Amino acid sequence: MRILVMTKPVPDPAANAERLGPDLRLDRAASPTVVNGNDEYGLEAALQLVEAHGGEVAILTMAPASGVETMRKALAMGALRGVLVSDDALAGADIPTTIRVLAAAAAIQEWDLLLGGLDTSDGAGGAVTAGVAARLGLPLLSAAAHIEPDEAARTVRVKRLSAKGYDLLEAPMPAVVSCTQALGTPRYPSLKGIMAARTRQITTLSLADLGADLAPADRQWPSRVLAVEPPPSRAAGRTVTGDPASQAREIADYLADRRII
Amino acid sequence: MFESFAHVPAYPLVFPIFWGAFAVFLLVVMRHARVWVEVTPTEPRALRNVARRVGGLIEYSLLQVRMFTEPNVAVMHFGLFLGSTILLIGNINFVTGGLPEFILGYPLNGAIWAFLLGLQNVMAVAALVATAYATYRRIVVKPKRLISTKVHYQTLAFIALVVSTEFVAQWFEAAAFGSINGAFVSNFFGGLLAGLGHDATNAAFVVLWWAHVFVLAAFLIFIPHNKHFHVYTTFVNVWLRKLAPRGQLPAMDLEREDATFGLRTLADLPWKDVFDGFTCTECGRCTSQCPANRTGKTLDPRALIMGIRRMSEAAEAGIDLVPNGPIVQETYGLVDSKPKQELLLAPIVGNAISYDSVWDCVTCGACVEACPVTIEHVDKIVGLRRNLVLEDSKFPNELTPAFRGMESVGNPWGQPPSARLDWTKGLPFEVRTAEAVKRAGQLDQLEVLYWVGCAAAFDDRNRRVARAVATCLDAAGISFAVLGQEETCSGDPARRMGNEYVFQMLATQNIETLNKYGIAERTIITACPHCFNTIGNEYSQLGGKFHIRHHSEFLAELVRKGRLRIGADGMPQRTITYHDSCYLARYNGVMEPPRDILGAIPGVKLVEMTDNHRQTMCCGGGGGRMWMDENRGNTRINAARTEQALATDAGTVATACPFCMVMLRDGIAEAGRGADTADPIISADISELLADALAPAPAIPDRDAPEGRRLTVL
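Residues numbered from 1 in each chain as written. Chains lettered and ligands numbered in written order. Predicted model: local features only at pLDDT ≥ 70, side-chain atom pairs only at ≥ 80, totals over all residues. Heavy atoms only, no water.

1. With respect to the overall build of chain B
1) Next: Looking only at helices and strands, chain B has 31 helices and eight strands in total.
2) Next: Expressed along its principal axes, the backbone C-alpha trace of chain B runs to roughly 100 × 70 × 50 Å.
3) Next: Looking at the 714 residues of chain B, the share that counts as buried comes to 57%.
4) Next: Summarising the internal contacts of chain B: among those between residues at least 6 apart in sequence, 80% fall at separations of at least 24.
5) Next: As presented, chain B carries roughly 29300 Å² of accessible surface, and 59% of it is formed by carbon and sulfur atoms. (Helix = DSSP H or I, 4+ residues; strand = E, 2+ residues; numbered from the N terminus. Buried < 20%, exposed > 50% of the residue type's maximum accessible area, 1.4 Å probe, protein only. Contact = heavy atoms within 4.5 Å. Areas by Shrake-Rupley, 256 points an atom, 1.4 Å probe, with all protein chains shown as cover.)

2. Some points on the pattern of salt bridges
Any two side chains of opposite charge can pair if their charged atoms end up close together.
Residue and element names in this part refer to chain A.
1) Next: This structure, assessed with the given rule, holds 49 salt bridges over all chains.
2) Next: Its salt-bridge partner being E110, residue R2 comes within 2.6 Å of it at the nearest N-O pair. Of the two residues, R2 sits in strand β1 (residues 2-6) while E110 sits in the loop between α3 (95-107) and β6 (113-117), which places them 108 residues apart along the sequence.
3) Next: The partly exposed category is assigned to R2, whose relative accessible area is 33%. (Salt bridge = Lys/Arg side-chain N within 4 Å of Asp/Glu carboxyl O.)

3. Things to note about a nonpolar patch on the surface
All names here are of chain B.
1) Next: Residues V50, V54, I58, L62, L63, V65, F235 and V236 make up a contiguous nonpolar surface patch of about 580 Å² in total accessible area.
2) Next: Looking at the nonpolar patch, the elements with two or more residues in it are α2 (50-62) and α9 (230-239).
3) Next: Residue contributions to the nonpolar patch peak at four residues, all from α2.
4) Next: In this structure, V65 sits in the loop between α2 and α3 (71-95). (Patch = residues over 30% accessible without salt bridge, like charges linked within 9 Å, V, L, I, M, F, W, Y side chains within 5 Å.)

4. Digging into the pairing of β1(A)
All names here are of chain A.
1) Next: Counted residue by residue, β1 has four buried out of five residues, so it is predominantly covered.
2) Next: Of the pairings in the sheet, the one linking β1 to β6 comprises three bridges and is parallel in character. Bridged to I3 within β6 is L113. (Pairing = 2+ DSSP bridges.)

5. Examining the side chain of A:D112
Residues and elements named next belong to chain A.
1) Next: Here D112 shows up in the loop between α3 and β6.
2) Next: For D112, a relative accessible area of 7% translates into the label buried.
3) Next: A polar side-chain atom of D112 sits 2.7 Å from the main-chain amide nitrogen of R2.
4) Next: At a separation of 3.1 Å, a polar atom in the side chain of D112 contacts the side chain of R154.
5) Next: The contact partners of D112, leaving out residues within four places of it in the chain, are M1, R2, R154, M173, P174 and A175. (Polar contact = N/O pair within 3.5 Å; in protein donor to acceptor, adjacent residues only side chain to side chain.)

6. Here we look at the interface of chain A and chain B
1) Next: Taken together, the contact pairs 17 residues of chain A with 26 residues of chain B.
2) Next: Between chain A and chain B the total buried area reaches about 1600 Å² when both faces are included, carbon and sulfur atoms providing 55% of it.
3) Next: The largest share of the area that chain A buries against chain B comes from A:Y188, A:L191 and A:K192, three residues that together contribute 45% of it.
4) Next: Counting the contacts that link chain A with chain B gives three salt bridges.
5) Next: A:K192 is paired through a salt bridge with B:E391; the nearest N and O atoms lie 3.6 Å apart.
6) Next: At the junction of chain A and chain B, the tally comes to nine residue pairs in polar contact (both at pLDDT 80 or more).
7) Next: For the side of chain A that touches chain B, the residue count by class is ten nonpolar, two polar and five charged. (Buried area = accessible area lost by both parts, 1.4 Å probe. Nonpolar A, V, L, I, M, F, W, Y, C, P; charged D, E, K, R; others polar.)

7. A word on the packing of helix α28 (residues 592-599) of chain B against helix α31 (residues 686-693) of chain B
Residue and element names in this part refer to chain B.
1) Next: In contact at an axis separation of 10 Å, α28 and α31 are set at 25° when each is read in the N-to-C sense. Classed by the angle they form, the pair α28 and α31 counts as roughly parallel. The hand of the α28/α31 crossing is left-handed. Within the contact between the two elements, α28 uses P594, I597 and L598 and α31 uses I686, L689 and L690.
2) Next: Classifying every residue of the contact of α28 with α31 by side-chain character gives six nonpolar, no polar and no charged. (Axes fitted to C-alpha atoms, helices over the stretch in contact; angles between N-to-C directions. Parallel < 35°, antiparallel > 145°, perpendicular 65-115°, else oblique. Left-handed = near helix turned anticlockwise from the far one by under 90°.)

8. Thoughts on α31(B)
1) Next: In terms of burial, α31(B) is largely enclosed, as seven of its eight residues are buried.
2) Next: Looking at α31(B), one finds that the buried residues are B:I686, B:S687, B:E688, B:L689, B:L690, B:A691 and B:A693.

9. Quick word on the environment of B:H613
Residue and element names in this part refer to chain B.
1) Next: Mapping H613 onto the fold places it in the loop between β6 (604-607) and α29 (637-647).
2) Next: By relative accessible area, H613 is classed as partly exposed at 22%.
3) Next: Separated by 34 residues in the primary sequence, H613 and H579 have C-alpha atoms spaced 8.4 Å apart.
4) Next: Setting aside residues up to four positions removed in sequence, H613 forms contacts with D580, A585, M591, E592, R595 and E608.

10. Remarks on the sheet that holds β6(A)
All names here are of chain A.
1) Next: The nine strands lie next to each other as β9-β8-β7-β10-β6-β1-β4-β5-β11, forming an open sheet whose pairing is mixed. Each end of this open sheet is capped by a strand with a single partner; those strands are β9 (165-172) and β11 (202-205). Strand-to-strand twist across the sheet, computed as the mean angle between neighbouring axes with direction ignored, equals 30°.
2) Next: In the packing of α3 onto the sheet, the strands contacted are β1, β4 (56-62), β5 (81-85) and β6, and the crossing angle to β4 comes to about 145°.

11. Quick word on the packing of α3(B) against helix α5 (residues 111-141) of chain B
Residues and elements named next belong to chain B.
1) Next: With their axes 7 Å apart at the nearest point, α3 and α5 run at an angle of 140° to one another. Between α3 and α5, the crossing angle belongs to the class labelled oblique. Crossing geometry of α3 relative to α5 is assigned as left-handed. Here N72, V73, M76, G79, L80, L82, G83, I86, L87, I89, G90 and N93 of α3 come into contact with α5, specifically with W113, L116, L119, Q120, M123, A124, A127, A130, T131, Y133, A134 and R137.
2) Next: Class assignment for the residues of the contact of α3 with α5 results in 16 nonpolar, seven polar and one charged.

12. Brief notes about the sheet that holds strand β3 (residues 523-526) of chain B
Residues and elements named next belong to chain B.
1) Next: Strands sit in the order β2-β1-β3-β4 across an open sheet of four strands; the sheet is parallel. Sheet topology places β2 (480-481) and β4 (547-550) at the edges, where each strand pairs with a single neighbour.
2) Next: One ladder, built from two bridges, connects strand β1 (residues 448-451) with β2; its direction is parallel. Within β2, the position partnered with V448 by the bridge is F480.

13. Regarding the nonpolar core
Most often, soluble globular proteins have nonpolar side chains that are buried together.
1) Next: Counting residues in each nonpolar core, the largest one holds 213 residues, and the members touching the most others are A:L113, A:I147, B:W209 and B:Y450.
2) Next: Not counting chain neighbours up to four residues away, the residues in contact with B:W209 comprise B:F5, B:V8, B:Y11, B:V14, B:F94 and B:A169.
3) Next: Of all hydrophobic cores here, the second largest spans 26 residues; its members include A:L90, A:I99, A:L210 and A:L214. (Core = buried A, V, L, I, M, F, W, Y, C linked by side-chain atoms within 4.5 Å.)

14. Describing unusual backbone geometry
1) Next: Between A:M173 and A:P174 the backbone carries a cis peptide bond, its omega angle lying at 0°.
2) Next: Assignment of secondary structure puts A:P174 in the loop between β9 and β10 (175-179).
3) Next: A positive phi is found at B:A10, a non-glycine position, where the angle reads about 55°.
4) Next: Inspection of the secondary structure assignment puts B:A10 in the segment before α1 (14-36).
5) Next: Residues other than glycine seldom take positive phi values, yet B:L108 does so here, at roughly 50°.
6) Next: Tracing the backbone through its elements, the reader meets B:L108 in the loop between α4 (99-104) and α5.

15. Topic: the packing of aromatic side chains
Residues and elements named next belong to chain B.
1) Next: Counted according to the given criterion, the structure contains 36 aromatic pairs over all chains.
2) Next: Taken together through their ring pairs, the aromatic side chains of F5, Y11, F15, F94, W209, W210 and F214 make up a single cluster.
3) Next: Directly above the aromatic system of Y355 lies the positively charged group of K394, at a separation of 4.8 Å from the ring centroid. (Phe/Tyr/Trp six-rings, centres within 6.5 Å; stacked < 30°, edge-to-face > 60°. Lys NZ or Arg CZ within 6 Å of the ring centre and 35° of its normal.)

16. Points about the environment of B:F188
1) Next: Tracing the sequence through the fold places B:F188 in helix α7 (residues 184-193).
2) Next: As for B:F188 and B:G599, which are separated by 411 residues in sequence, their C-alpha atoms are 60 Å apart.

17. Some thoughts on the confidence of the model for chain B
Residue and element names in this part refer to chain B.
1) Next: For chain B, mean pLDDT is 93; residues scoring 70 or higher make up 97% of the total.
2) Next: Below a pLDDT of 50 lies the segment residues 699-714, which in the model reaches 32 contacts outside its immediate sequence neighbourhood of four places, other chains included.
3) Next: Scored as a complex, the prediction yields pTM 0.91 and ipTM 0.83. (pLDDT = per-residue confidence, 0-100.)

18. Things to note about the pairing of strand β7 (residues 140-150) of chain A
Two faces, one strand: in a regular strand the side chains alternate between the faces of the sheet.
All names here are of chain A.
1) Next: When β7 meets β10, the two strands line up parallel, connected through three bridges. Within β10, the position partnered with L141 by the bridge is V177.
2) Next: Relative to strand β8 (residues 155-162), β7 runs antiparallel, the two being bridged by six bridges. Across the sheet, A144 pairs through a bridge with R160, a residue of β8.
3) Next: Connecting the antiparallel pair β7 and β8 is a turn made up of four residues, with R154 showing a positive phi of about 55°.

19. A word on the state of the cysteines
Linking two cysteines covalently via their sulfur atoms produces the bond known as a disulfide.
All names here are of chain B.
1) Next: Tallying each qualifying case throughout the model produces zero disulfides over all chains.
2) Next: Here C280 stays free of any disulfide, with the sulfur of C286 as its closest cysteine sulfur at 6.3 Å.
3) Next: For C280, a relative accessible area of 8% gives the class buried.
4) Next: Between C619, a cysteine without a disulfide, and C660, which holds the nearest cysteine sulfur, the sulfur-to-sulfur distance is 3.9 Å.
5) Next: For C619, a relative accessible area of 3% puts it in the buried group. (Disulfide = S-S within 2.5 Å.)

Here you go:
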């Protein structure tokens, strides 16, 4: 089974150093970069699937040329090869453009399952994986907590997170799955993995390789960032004091007032 | 010919019997060595630092200083050691046809030889008493650390038989043939036995004399098969012991693509590590001191060392005692002189130590400190971790966030680097970064760099320690700076958790940062013994040579020199017990400065816990255990150590390490004596106690270094 995982380099949320530059685009020098969390959960699920069923995992990234470094981290986990779509014309690309480009790049790869994060921790658009499925005209199994392919039947089943538990979905392969944290903790790459990743192939594609009409000329995106503001600082918390019984009553009253309990 | 043995019928038969046994002894040793030569070669150490190695031989092998933690056992062992050594003279005499007697019997009319015979009589008595006491300990006292199996009793029986047959034979010889010049004890008993008549005493002499030769021959063959082999191997092992700082783990080349990273199989072990197994006396001092073992975990350092020996001996399967000659091997393909590959490639984890035990280790070094024959346990355990982490990515799940945190944001708590200076907020003086000092062109006036460490930068409790350290430095008028956001984890936790890759990444980056500000020419101080050890002892492996001092040393010096003045009020009627950090006391010998600081505060009474100084007990936070759950065993290590602290009745537990601080604070809280209880025990860093006790300072006008102490610009 062949699985292609979309992996986006994002500023490491742990560094808490994400910021936009004067052009209101991500300042990539400000923060260390990691593979987007939900993409990484998908990658882990993909690696476990090929370990169980055989096959190979490849990764697909749209990023500046420096994205290669982050892709090596994904390769170190066990993906065998990478495809990087990188083009100056894509700097600051909006969501529809990203969807068109990634769909075009995915369309020329061979795979049974295409995995991507439910959303990304920097842009938080939450539309790309779904958009790629729509663009490719393939079924989308969203918010996956568990992925189980049936190779003989050429189908895949996904447990989809819902407000009340799981929905069990099934679709024929090839299919697109959007991934969540519920898939499980990503593995920590071994040094052998890191060393092997150094020599694994990353194919770089330009916009010309995919079709120049995918992105608007002169980088004029229909939507633009106008301003950036830090969130308002949080108000001080309320401290409950007194003997345990009255503390408990106060907390219970507070929650009941807000219809939480 | 053989005049000395004129009374012994068929004396020349001694030669085939003893030397035949000696040949078997050598063949057995050679068979052991056929495995040793197939494992990883040790970097050549034998001929380096000869003076220190000779010193070690005297200290550990001859004076046996490590034995004196239990003086009665030390004396007992001396009885056996000196007994065997002195009696060796007589035994050599027996098996060489009287060569020593021939040489030593001439000068001074035989007085030297007579003296030696007398001495041998004394030592025979000493050895027999020591053997009796050793047997008594095994059978009656049964110290917890000893394992007593058949082989241990066989060893004692052999010693008793070898000594007594020789000794008593001499009594009968004296009885049958008259006094022997010098052998005064035997002459005395000979006098008593003479009444039995010549024939009887002569017969007894002959029987015992020959019995002695046979027992001696059998003992010689017995020795290399078990722990008694240590009587020979100890000397070699002590000679070859690691002379690098105890806190310096073996260097590792991560660029070698073909290498096995860390230790996986018997063949991966450097031969000295295998040899450790053949030196082990199974005395159990290591295990009895191991904090993990003491709290009911499965980690058993002795079992690891014995297990390595067992694996090495198992790898001898199929090697004949006298292997075929080269011609036979070549002609018939009968190679029986090399260990089988599959036995050399047997994994250590699962055979000599369990997977869980590998992770139970706090790397506190109590085992290494306790071992009388200088076996190195910790380096092996970290070697096993290296293999598990670097090759298999197998480690407790809790470590993943710590590894990722160190890798991406430079600290095991995964905190943003931008928060590194939060601890300075609200201090009444400015804490400058090295970068700011450099920008101001004042690097030449910088006295020290304060290496804060991640714990003091991010942990709420330890931030107060950082403030206390800075307060003391400021009060003493020291010109200091910190690295701020440029500082990352020293790499100690990564290294001890086996993640050498992350360690080298962090260390390389820190060395670069420190060199950028010319810190190699200055002094670094830190309140973290782990950073202290790693920067001071390990960065040199990556080309970083720095002068680093622990804050206890530095502050003690400031107090001694009067640069820090302690108020006259002091801390009236304060009883404090000081907890030695492993990486400070055991690994780096810093034990008195923290006590000097506390002792300089008027009114403070210092009391010691059961385990103190070099024999300190770990808090449970070393070796990366700070980031692992502790749910094996019957109690937590910090709880066991807290118990010792509570037993002193001290109102304050002083620490000098951020991990110890957290571990003991939690231990105290769990024991129901936390800060919010009615009868709290205070846990505080020595710098906090010192800062509290400082005399209200006259305003210090200028924090720059006084003239004459300025350092050169780089």
